[in-house]
Amino acid sequence: MTSTNFIYDNTQLSTYGLCICRFQSDASFANVSAGSQIEFHLSPIPGRDKPLFLGTAYTDTLQAVIQVGKIHCGKAEPITSRELSQLMRWLNRKDGFHKFKLLQKDFENLYALANFNVQKIEIAGKVYGLELSMTTLHPYLLEEPIVYETDLTPGSPFSFHDSSDETGHIYPDVVITCHSQGDLKLTNSLENRTTVLKNCTDGEVITLSGDSLTILSSLPAHDIPNDFNYVFPRIVNTYANRENRISTTLPCSIRLQYSPIRKAGF
């Protein structure tokens, strides 16, 4: 990696007068995991050499070790105790995972949800740098969210291309604005999966969260949990097909937002 700066939780490393650098003989991105390490679940079959394939799972999330320091005119300067306190408050958090982005060519649109453990790099009793052990929430990087907005009618489905590097499905955030009364059914033809929302009202806005898998209606009187089949919309791709074709039984406006998966590593 050639980056000297990153953004974490909407703040740049350079804001604190630091940059990504190297204090030891190893690279500043040492012990780097490319992520997406797959474990294959196999079961032996008596009398056969070929085991039964049961499925796969990722064994770890994306990880990296980054060294940062305060470099001025090519020389390292000490980090004061006050600066160290501010850096620890920013990087070493107990409030969850936050967006991390490398400021580097080809990574402008990629991010991870990350948190850090921090170690001091001391020289002659003074702190000149920090070693950041980063752990992310996913085994891959994510692309900045893509948004699709369109009007749907029963005779005019909407098609789009899923650009994710990972085959399978992603649950997007979905906002549906109903333009008619009745039972609304959304179907993705790529997996023939149908979301059913009964007793919809013209002008009603229904929100489905892909992250928490929850549903809300703009009309308090609509008992949407009992009128929903709990089949949340998904964005899908197979190795041979990436085209998602969404059809509806009632006219509506729909907004889909999701972050495609990128197996780029750091």
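Higher on the page you've got the structure.
Residues numbered from 1 in each chain as written. Predicted model: local features only at pLDDT ≥ 70, side-chain atom pairs only at ≥ 80, totals over all residues. Heavy atoms only, no water.

## Here's the deal with the environment of Ser164
Our working rule: Numbering of helices and strands runs from the N terminus, with a helix taken as a DSSP run of H or I at least four residues long and a strand as a DSSP run of E at least two residues long.
Inspection of the secondary structure puts Ser164 in the loop between β14 (158-161) and β15 (168-170). With 22 residues separating them along the chain, Ser164 and Leu142 place their C-alpha atoms 9.0 Å apart.

## Re the layout of surface pockets
Spelled out, the test is: Here a cavity means grid points, on a 1 Å grid over the protein atoms only, where a 1.4 Å probe fits yet cannot get out; a pocket means an open set of points with protein on both sides within 12 Å along at least five of seven lines; lining residues are those with an atom within 4 Å of a point. Grid points are joined across faces, edges and corners, and a volume is the space filled by probe spheres set on the points. Only Asp, Glu, Lys and Arg are considered charged in this grouping, and only Ala, Val, Leu, Ile, Met, Phe, Trp, Tyr, Cys and Pro are considered nonpolar; every other residue, Gly among them, is considered polar.
Estimates place the volume of the largest pocket at around 560 Å³. Lining the largest pocket are 19 residues, and of these His138, Leu142, Tyr171, Asp211 and Ser259 lie nearest its centre. If you list the elements that add at least two residues to the lining of the largest pocket, you get β10 (110-123), β15 and β23 (252-258). For the lining of the largest pocket, a count of residues per class yields eleven nonpolar, five polar and three charged.

## A closer look at the pairing of strand β16 (residues 173-178)
Under the convention used in this document: The rule is simple: take the accessible area with a 1.4 Å probe, protein chains only, and divide by the maximum for that residue type; under 20% is buried, over 50% is exposed, in between is partly exposed. For two strands to be treated as a pair, DSSP must find at least two bridges joining them.
Only one face of β16 is covered, namely the face carrying Val174, Ile176 and Cys178; the face carrying Asp173, Val175 and Thr177 is uncovered. Across six bridges, the pairing between β16 and β23 is antiparallel. Across the sheet, residue Asp173 finds its bridge partner in β23, namely Gln257. With four bridges joining them, β16 and strand β19 (residues 205-209) adopt antiparallel strand pairing. Bridge pairing in β19 places Val175 opposite Thr207.

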